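Single-letter residue listing:
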Amino acid sequence: MSLRNFQALRLDAMSRDFGSLNALKGISLTVGRGEFIALLGPSGCGKSTALNCLAGLMPLSSGSIWLDDKRIDTLGPEARGFGMVFQNYALFPHMSVRKNIGFGLRMQNRPKAEIETRVAEAMRLVRLTDQGDKLPGQLSGGQQQRVAIARAIVVEPPLVLMDEPLSNLDAKLRLEMRAEIRRIHASLGCATIYVTHDQDEALSLADRIVVLKDGQTRQIGTPAELYGRPAHPDVAEFMGYRNVLKTKVTLGEDVRVTLGAASLSATPVDVTQPGPAVMAIRPEDLSPRADGPIPAVVQTAEYRGRDFFGVATMQDGTELYFRAEHAVKPGETLHLGADPHRILVYAA
Ligand code: ATP
């Protein structure tokens, strides 16, 4: 039976233990065909373990994995036939680009003519048509990663799994390859699961992002949902809300939080009661303004081309990350403020 034309990949309470360590604690997720999913989380949260379990390189401790109504976690990696792209490319150094890409098809004993056609098609898709006779060592990092991608997709896998595939590339190439990966994904129509610890990468590539922490799903949502309204303070912190601060919330005509002597109108995420709470603000949303209610003294400020990012301390020593449109100097007192819909409040 071909697994290629599946409609949904379903993880049902996927778990994996290493001795007493629960590296994955019951991950459940349904991935539609054609969907691009990013698994995002800090080091050690279980991203690679999840990918290895999906690929069949590591058995589950409990739970199951399904392609439509076929259970696949009991199948070996070859029977699943997923495409894998790793951080270190893992190319065969002694084989030409063409041979590397055709490897999976040769393993499947495909006719020679079919292999040639499909390899040529894959090379065209990753824009390596004129590099077929070179050895991997004669290619740039970005080109090697393209070979690795071509090798993974040439077998027309139902699912492509990518483990931090861009982390060995320099910043410019990373941006270029991001766009390439998105384009290749769209032209294939398969599902892609992409592991990264880089929130920008996840935001720019994925249809949906799964944020993992300590082996658990913390939030699943579109990039816009995660960026604009993280469900937990720790997801917020991971999504660039560098100001995650203890506060007190009051519920009246509007929801207000206190910060030092200041009282700020804010947006509740899950607070329903007054009292101790946690607030989150992005540095780019906290700026000096005429009516800014939070006095703070600049400690450091960095020029970022269009504006300045810096750290300022409140009277009680609380550090705030802010953005300023004009140059600010250490020692200067700013009056910081943020729009109410940019101040998120969570139950403590
Ligand atoms: P990174 O971004 O650093 O690669 P990750 O999110 O991919 O991290 P995993 O490699 O999946 O994290 O590891 C999850 C947890 O499982 C970690 O605590 C790790 O130490 C542990 N772990 C992973 N592989 C093994 C193993 N083979 N034996 C024992 N513990 C392991």
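Residues numbered from 1 in each chain as written. Predicted model: local features only at pLDDT ≥ 70, side-chain atom pairs only at ≥ 80, totals over all residues. Heavy atoms only, no water.

### A few points about the site of the ligand
Which entries qualify depends on this criterion: One heavy atom within 4 Å of a molecule or strand is enough for the residue carrying it to be called near that molecule or strand. Polar contact criterion, stated in full: a pair of N or O atoms within 3.5 Å, where within protein one must be able to donate a hydrogen and the other to accept it, and residues adjacent in sequence count only if both atoms are side-chain atoms. Using the Shrake-Rupley algorithm and a 1.4 Å probe, accessible areas are obtained, with residue cover drawn only from the displayed protein chains. Going along the chain from the N terminus, every DSSP run of H or I of four or more residues is numbered as a helix, and every run of E of two or more is numbered as a strand. Residues are sorted three ways: Asp, Glu, Lys and Arg are charged, Ala, Val, Leu, Ile, Met, Phe, Trp, Tyr, Cys and Pro are nonpolar, and all the rest, Gly among them, are polar.
Taken together, the neighbourhood of the ligand is formed by Phe18, Leu21, Ala23, Pro42, Ser43, Gly44, Cys45, Gly46, Lys47, Ser48 and Thr49. The separation between an oxygen atom of the ligand and a polar side-chain atom of Ser43 is 2.6 Å. Within the side chain of Ser48, one N or O atom sits 2.8 Å away from an oxygen atom of the ligand. Protein coverage of the free-state accessible area of the ligand, which is 640 Å², stands at 56%. When contributions to the shell around the ligand are tallied by element, the ones reaching two or more residues are strand 2 (21–32) and helix 1 (47–55). The leading source of residues in the shell around the ligand is helix 1, at three residues. Partitioned by chemical class, the residues of the shell around the ligand number five nonpolar, five polar and one charged.

### Some remarks on the state of the cysteines
Filter applied, for reference: The rule for a disulfide is simple: a pair of cysteine sulfur atoms within 2.5 Å. Accessible area is worked out with a 1.4 Å probe on protein chains only. A residue is then buried under 20% of its type maximum, exposed over 50%, and partly exposed in between.
Here the structure, examined in full by the defined rule, presents zero disulfides. For Cys53, which is in no disulfide, the shortest distance to another cysteine sulfur is to Cys45 and amounts to 13 Å. For Cys53, a relative accessible area of 1% translates into the label buried.

### Describing the sheet that holds strand 7 (residues 159–163)
Note the following rule: Two strands pair under a simple rule: DSSP has to find at least two bridges between them. Axis lines are fitted through C-alpha atoms, for helices just across the contact stretch, and the angle between N-to-C directions can take any value from 0 to 180 degrees.
The strand order across the open sheet built from six strands is 6-7-8-3-9-10, with neighbouring strands paired in mixed fashion. Both edges of this open sheet fall to strand 6 (83–85) and strand 10 (216–221), since each of them pairs with a single strand only. Averaged over all adjacent pairs, the angle separating strand axes in this sheet is 15°, with direction ignored. With four bridges connecting them, strand 3 (residues 36–40) and strand 9 (residues 208–213) associate as parallel partners.

### Some thoughts on the pattern of salt bridges
Note the cut-off: A carboxyl oxygen of Asp or Glu within 4 Å of a side-chain nitrogen of Lys or Arg is what we treat as a salt bridge.
Tallied over the entire structure, the rule returns 20 salt bridges. A salt bridge links Arg146 to Glu180; its shortest N-O distance comes to 2.8 Å. Taken together, the residues span a long stretch of sequence, with Arg146 in helix 5 (residues 141–153) and Glu180 in helix 6 (residues 171–188) at a distance of 34 residues. Across this residue pair, the class does not change: Arg146 and Glu180 are buried. Between Arg289 and Asp339 there is a salt bridge whose closest N-O contact spans 3.3 Å. Of this pair, Arg289 sits in the loop between strand 16 (287–288) and strand 17 (294–303) while Asp339 sits in the loop between strand 20 (333–337) and strand 21 (344–347), and the two are 50 residues apart along the sequence. The partly exposed category is assigned to Asp339, whose relative accessible area is 32%. Via salt bridges that share partners, Arg127, Arg146, Glu180 and Arg183 belong to a single interconnected network.

### Considerations on the environment of Arg146
Classification of Arg146 by relative accessible area gives buried; the value is 12%. Among the polar contacts made by the side chain of Arg146, one reaches the side chain of Glu180 at a distance of 2.8 Å.

### Notes on the sheet that holds strand 19 (residues 319–324)
Think of a sheet as strands paired side by side through backbone hydrogen bonds, with each pair either parallel or antiparallel. Here we have five strands laid out as an open sheet, ordered 16-20-17-18-19, and antiparallel in their pairing. Looking at which strands have only one partner, the edges of the open sheet turn out to be strand 16 and strand 19. Relative to strand 20, strand 16 runs antiparallel, the two sharing two bridges. The residue of strand 20 that forms the bridge with Ser287 is Gly337.

### Digging into the domain arrangement of the protein
How big an interface is tends to be stated in terms of accessible area lost as the parts join. Heads up, the rule is: Note that the domain bounds were set by an automatic or database domain assignment. A contact between two residues is defined here by any heavy atoms of the two lying within 4.5 Å. Accessible area, probed at 1.4 Å, shrinks when two parts are joined; the buried area is that loss added up over both.
The domains assigned to the protein are domain 1 (3–233) and domain 2 (241–347). Here domain 1 and domain 2 have C-alpha centroids that lie 39 Å from each other. Every contact between the two is made by seven residues of domain 1 and, on the other side, eleven residues of domain 2. Here domain 1 meets domain 2 over a buried area of about 720 Å², counting both sides, of which 51% is carbon and sulfur. Area buried by domain 1 at its contact with domain 2 is led by Tyr227, Arg229 and Pro233, which between them contribute 67% of it. Taken together, the connections running from domain 1 to domain 2 amount to zero salt bridges. Taken together, the connections running from domain 1 to domain 2 amount to five residue pairs in polar contact (both at pLDDT 80 or more). Grouping the constituent residues of the side of domain 1 that touches domain 2 by class yields four nonpolar, two polar and one charged.

### Comments concerning the packing of aromatic side chains
Counted only if it meets this: Put simply, two rings from Phe, Tyr or Trp (the six-membered ring, in Trp's case) pair if the centres are within 6.5 Å, and we call them stacked under 30 degrees between planes, edge-to-face over 60, tilted for the rest. Criterion for a charge above a ring: Lys NZ or Arg CZ within 6 Å of the ring centre, and within 35 degrees of the ring normal.
The tally for this structure, following the rule as stated, stands at three aromatic pairs. Measuring from centroid to centroid gives 5.7 Å for Phe36 and Tyr194, while their planes differ by 40°, and the two rings are tilted. Taken together, the positions of Phe36 in strand 3 and Tyr194 in strand 8 (residues 191–196) put the pair 158 residues apart, joining distant regions of the chain. By relative accessible area, Phe36 is classed as buried at 0%. The positively charged end of Arg151 is found above the aromatic ring belonging to Phe92, 5.4 Å away from the centroid. Across the ring face of Tyr227, the terminal group of Arg282 is positioned such that the distance to the ring centre comes to 3.6 Å.

### Regarding the packing of helix 3 (residues 97–107) against helix 4 (residues 112–125)
As a reminder, the rule being used: Every angle not falling under 35 degrees, over 145, or within 65 to 115 is termed oblique; those three ranges are roughly parallel, roughly antiparallel and roughly perpendicular. Put simply, a crossing is left-handed when the front helix is turned counterclockwise from the back one by less than a right angle, and right-handed when it is turned clockwise.
Interhelical geometry of helix 3 versus helix 4 gives an angle of 125° and a closest axis separation of 9 Å. Here helix 4 runs oblique to helix 3, going by the angle between their axes. Considering the relative orientation of helix 3 and helix 4, their crossing is right-handed. Contacts from Val97, Arg98, Ile101, Gly102, Leu105 and Arg106 of helix 3 reach helix 4 at Ile115, Arg118, Val119, Ala122 and Met123. Across the contact of helix 3 with helix 4, the residue classes break down as seven nonpolar, one polar and three charged.

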